[in-house]
Amino acid sequence: DEDDNDLEKTSSKSDTLKKMVQKVLPKVEPLPWSTFFCLSMWCAIPAIAYILLFTQMGYGEHIYYKLSHSSFADHAPIFAGILILSIFFFYVLDIDQWTTSKFGRAFRFLSAFAMFSTFVLIVILVSNEFPYGIITLFAVLNPLYLLVVKSVFYGGNRTRTFATWLSGPLVVVSVLITVSFIVWVAVDYSNEWNDVTKVEAAVRTGCDANFDEYPNCSSGKNTTTTATMATTTTTTCFFLDYSVQPQELVFPNGCDRSCLKVYDTCSNGFILWAGPVMLSLSTLFLGFFCTFLRIGEGSTDEKDVFNFTKVWLFVLFVMWASASLSGAAAGVTTTLVTLTVANMIGSSILLSAIFGREEIHDNKEMVLEKIREKYGDDNLNIARGLFVVTCSPVLLGYFCLSAVNQAVRRIGINPCSQPVNEVECTTVDDDQTDKILTVRAERQLTRMRAWNRAKVFTYAIYWGIAFMILYVLVAKLTVVFLSWMIEKVEDFNLIAVTAIMAGVGAMMFLLPPVPGVPIYLALGIVLPSQGYKILGWLGAILYSTGVGLVLKLFSSALQQKLIGENLSHYVKVRQFVGINSKLMKAMRLELGSGGISAAKVAILIGGPDWPTSVLCGIMRLSLFQIMLGTIPVVLLIFPTCLTGSLLYMSSRVLDNGNPEFPWAGTASTLAASVTAMVQFGSMLVAAYYLERTSESRADEVEAIEDDQEVKEANEKDEHMRKCYETVTQWNAVPLWPKLILTFSLLSVTASCYMVQFFPEVCFVPHELTDTIDDNLGGNVASLFLPLGWAAVALFLACTILLYIFSSWGKVSFVLYPIYIM
């Protein structure tokens, strides 16, 4: 009997693992081996061409160098101006609607082809300045190439059928690209990413060193004379010595390793080096997307789409975290965002080739309706708020173009323009001649006006505030503080350093927004730096891991018992965390179980440190069981401490200025990838188990009694919420509160755009291994450049304005009967 029970438990675990894997992997269309092989070859051709031409595995560095030194590249702004004007006239003159005559159709096709060709040319010409342009171009062109393959070689098949066939070959090609990259890195030292290869890549791609911020790192100017011109260049004080193998960096007297920062803004080399990985991501994205087009048995539902979204975010997070710790975060962040957008555009091209406009519109409306039914209108308002704060500048530009388009139609200067009423869309209004916007834009604007704009704007501001707090106050200042701690304790012995770091770490754990990963990273840098002589490198890394585990358990106990259980006495706190919600009940069900389970471990590791532990206290769960379920957090602590140790090892130099451990830079990037995989992967697993518990154990979740005090408070607050929503309905809000909320939204949007798209002119780059004296001139405030201070000022302004609006709303709903009179 015991053996049977063990077999049942093992079978149950294997079934659960199988289901989780099935949710991650795409549903590949079964094909004959010959067809599968041929399609794989077709899918591999553009990938091979990209690797050879635009990555470090091929001739990418030489091509980028030629482009950066080509006089033809100087004409890129002219081509860009021509393209912008062409797109402007193409839109405002309704050239996309010239379908009634052969001449109109031919002119439309030639215009679109010329604009697209110009766009491709511009991307290639500016590839050295914007190295992510080529990979995004590949993401857009690859679906077009596959559609051409379909037309030429598989013309007898439906486009949708052919697209579903591509899912398996694309995934196989993606895996092969990743394996090839790993092998390429492993076979040769020069293929690793470290300080030597970083400098080599910057020089070979023609990236200019930043001597404006580091003038002391210049060795003078050299003049190169050719038959046509003389070129003056400024050289760095350090240089590469190719007479030894492997190559070494030489730092003469007066030149130190800090001068390597002159190439910090050169993300070209890293993107070229990691180009195959990004190519693999793009191919994987398209492979997953093709599975969504399946029909019949095994077709994809909305859950598969949501699961793919989670997987894609997981992959992007791993890439971003790895790049952050390799010193190329700014360039790679932009690349990942741009790559995602380009993949969506490429997928849209595939969709437009399969479905007609009306079918796409109907499917979109059906999906939106399903989302509305499942998640409710309030959750949609949260998503709308995110859309507003991220896309409002783009929306503003779109509506301005629409107004110009409508003006051209109304004036009648172009006989081929669409009618002002756009006859096929006159259901919006009987007379559109007095409208400023086109019918399509007017219809979209009407939908937005139907939103609860005060609530949507408020959620948008909350999104912006959260981003600024996490991106600026937490991410930036935590790194500065920990780097200061690392600097101050470098002369202490191991026991003293351990005590200091444990005390500081415990205090930081008690701060709600501070995550655990930076603390573990700091432990991995400081403790091995002091303990490797006594314990050896491996012993020191294991020691820092042990300290991190004890610190995590101690801090979690404090958060749960001292903070969480004391806060549990307050009804408002229990109401705020939604103690009666299905999510909290499912979480209570999983965390309250005895022993160690995958669900419990995933929630305790993947959840944010402070909120998770405090929630356990609010729900009054067993401290012993929570500590027992938290122990596997060592799986996160070890790779994080290892990453910190490798970062420190990569910063150690010999007497000649070269790294003592040249391989440590690449190893730290790989360790950072493992850290990100564990952190974000556990979040996905936690979300999976909570969703599964809510559905499969619905009876048990419902059986958990509601907190009566919270239930009564919710019922009382429901009336107040409705009154607040009534007085803040946009049409009922007076002008001055509207202006306050609007200015608050504009302020937070501007601040988010500043720090996200212009980080290099907002902040001074600062890492855990930097010192405040050397990097920030001894002043923490120097971290913020003038534009950074402007972003912080706008952030503070938006917070104050939101508080004023909320205060007005609360006063107004108290005086609601008087207010509506």
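Residues numbered from 1 in each chain as written. Predicted model: local features only at pLDDT ≥ 70, side-chain atom pairs only at ≥ 80, totals over all residues. Heavy atoms only, no water.

## Focus: the packing of helix α18 (residues 517-567) against helix α22 (residues 609-618)
Packed helices, taken two at a time, are described by the angle their axes make and the gap between the axes.
For step 1, the next point in the chain: The N-to-C vectors of α18 and α22 enclose an angle of 40 degrees; their axes lie 6 Å apart at closest approach. Classified by the interaxial angle, the pair formed by α18 and α22 is oblique. Viewed along their axes, α18 and α22 form a crossing whose handedness is right-handed. Contact with α18, carried on its side by Y520, K552, S556, Q559, Q560, I563, G564, E565 and L567, involves D609, W610, S613, V614, C616, G617 and I618 of α22 and no other residues of that element.
For step 2, the next point in the chain: Looking at the contact of α18 with α22 residue by residue, the classes come out as seven nonpolar, six polar and three charged. (Axes fitted to C-alpha atoms, helices over the stretch in contact; angles between N-to-C directions. Helix = DSSP H or I, 4+ residues; strand = E, 2+ residues; numbered from the N terminus. Parallel < 35°, antiparallel > 145°, perpendicular 65-115°, else oblique. Left-handed = near helix turned anticlockwise from the far one by under 90°. Contact = heavy atoms within 4.5 Å. Nonpolar A, V, L, I, M, F, W, Y, C, P; charged D, E, K, R; others polar.)

## Remarks on the pattern of salt bridges
For step 1, the next point in the chain: Across all of its chains, the model carries eight salt bridges by this definition.
For step 2, the next point in the chain: For D609, the salt bridge is made with K552, and the minimal N-O distance between the two is 2.8 Å. Of this pair, D609 sits in helix α22 while K552 sits in helix α18, placing them 57 residues apart in sequence. The pair formed by D609 and K552 is uniform in burial state, with each residue classed as buried.
For step 3, the next point in the chain: Note that R574 and D707 form a salt bridge whose closest N and O atoms lie 2.6 Å from each other. Taken together, the positions of R574 in helix α19 (residues 571-576) and D707 in the loop between α26 (698-703) and α27 (708-727) put the pair 133 residues apart, joining distant regions of the chain. Take R574 and D707: they sit in the same class, and that class is buried.
For step 4, the next point in the chain: The network of salt bridges with common partners includes K561, E565 and R620. (Salt bridge = Lys/Arg side-chain N within 4 Å of Asp/Glu carboxyl O. Buried < 20%, exposed > 50% of the residue type's maximum accessible area, 1.4 Å probe, protein only.)

## Considerations on unusual backbone geometry
For step 1, the next point in the chain: Even without being a glycine, R620 presents a positive backbone phi close to 55 degrees.
For step 2, the next point in the chain: Along the chain, R620 falls in the loop between α22 and α23 (623-630).
For step 3, the next point in the chain: Of the residues examined, R620 reaches a relative accessible area of 47% and is grouped as partly exposed.

## Observations concerning α27
For step 1, the next point in the chain: Look at α27: 29 Å from first C-alpha to last across 20 residues, which is about the 28 Å you get at 1.5 Å a residue.
For step 2, the next point in the chain: Its side-chain oxygen at 3.1 Å from the backbone nitrogen of E709, D707 defines the N-terminal cap of α27. (Expected span 1.5 Å × (residues − 1). Polar contact = N/O pair within 3.5 Å; in protein donor to acceptor, adjacent residues only side chain to side chain.)

## Digging into the packing of helix α16 (residues 453-488) against α18
For step 1, the next point in the chain: Remark: α16 packs on α18, axes separated minimally by 10 Å, with the N-to-C direction vectors making an angle of 25 degrees. The orientation of α16 with respect to α18, classified from their angle, is roughly parallel. Considering only the axes of α16 and α18, their crossing is right-handed. Within the contact between the two elements, α16 uses T478, L482 and I486 and α18 uses P518, I519, A522, I525 and V526.
For step 2, the next point in the chain: Split by residue class, the contact of α16 with α18 holds seven nonpolar, one polar and no charged.

## Here's the deal with the state of the cysteines
For step 1, the next point in the chain: Taken as a whole and judged by the stated rule, the model has two disulfides.
For step 2, the next point in the chain: Disulfide partner of C217: C259, at an S-S distance of 2.1 Å. As the torsion about the S-S bond is roughly -80 degrees, the C217-C259 disulfide counts as left-handed. Note that C217 is positioned in the loop between α9 (195-204) and β1 (218-225) and C259 in the loop between β4 (248-250) and α10 (268-273), a separation of 42 residues in sequence. Neither C217 nor C259 differs from the other in exposure class; each is buried.
For step 3, the next point in the chain: You can see C43 has no disulfide; the closest cysteine sulfur is in C290, sitting 8.1 Å from it. (Disulfide = S-S within 2.5 Å.)

## Structural notes on the packing of aromatic side chains
For step 1, the next point in the chain: All told, the structure shown has 25 aromatic pairs when counted by the stated rule.
For step 2, the next point in the chain: Judged by centre distance (6.1 Å) and plane angle (25 degrees), the rings of F103 and F107 are stacked. On the criterion of helical spacing, the pair formed by F103 and F107 is a turn pair, its members being four residues apart in helix α5 (residues 102-125).
For step 3, the next point in the chain: A relative accessible area of 34% places F107 in the partly exposed class.
For step 4, the next point in the chain: Both rings, one in F784 and one in W789, keep their centres 4.9 Å apart while their planes meet at 40 degrees; by these two values the pair is tilted.
For step 5, the next point in the chain: The exposure class assigned to F784 is buried, which follows from its relative accessible area of 11%.
For step 6, the next point in the chain: Note on W789: relative accessible area 42%, which makes it partly exposed.
For step 7, the next point in the chain: Through pairs of rings, three or more aromatic residues link up here, namely Y532, W537, Y648 and F661. (Phe/Tyr/Trp six-rings, centres within 6.5 Å; stacked < 30°, edge-to-face > 60°.)

## Considering the environment of C259
For step 1, the next point in the chain: For C259, a relative accessible area of 4% translates into the label buried.
For step 2, the next point in the chain: In contact with C259, other than residues within four places in its own chain, are C217, C237 and F238.

## Points about the side chain of T643
For step 1, the next point in the chain: Structurally, the position occupied by T643 is in helix α24 (residues 634-651).
For step 2, the next point in the chain: Residue class for T643 comes out buried when judged on its relative accessible area of 1%.
For step 3, the next point in the chain: Engagement of the side chain of T643 in a polar contact is seen with the backbone oxygen of P639, the distance being 2.7 Å.

## Focus on the confidence of the model for the protein chain
For step 1, the next point in the chain: Taken over all residues, the pLDDT of the protein chain has a mean of 78, while the share at 70 or more is 81%.
For step 2, the next point in the chain: A low-confidence stretch, residues 318-331 stays under pLDDT 50, and its non-local contacts, those more than four residues away or across chains, total 33 contacts. (pLDDT = per-residue confidence, 0-100.)

## Section: the nonpolar core
For step 1, the next point in the chain: Core analysis: the biggest nonpolar cluster contains 49 residues, and L166, W273, L279 and L350 have the highest contact counts within it.
For step 2, the next point in the chain: Secondary structure elements with two or more residues in this core: α2 (33-54), α5, α6 (133-153), α7 (159-165), α8 (167-187), α10, α11 (275-291) and α13 (329-354).
For step 3, the next point in the chain: If you tally residues by element for this core, the top one is α6, at nine residues.
For step 4, the next point in the chain: Ignoring any residue separated from it by four or fewer positions in sequence, one finds L166 in contact with L39, C43, L146 and C290.
For step 5, the next point in the chain: Judged by nonpolar contacts, the second largest core, of 42 residues, contains V472, L745, V792 and F795. (Core = buried A, V, L, I, M, F, W, Y, C linked by side-chain atoms within 4.5 Å.)

## Digging into the side chain of S751
For step 1, the next point in the chain: Mapping S751 onto the fold places it in helix α28 (residues 735-757).
For step 2, the next point in the chain: At 2.8 Å, the side chain of S751 forms a polar contact with the backbone oxygen of V748.
For step 3, the next point in the chain: Apart from the residues within four sequence positions on either side, S751 is in contact with M468, A791, L794 and F795.

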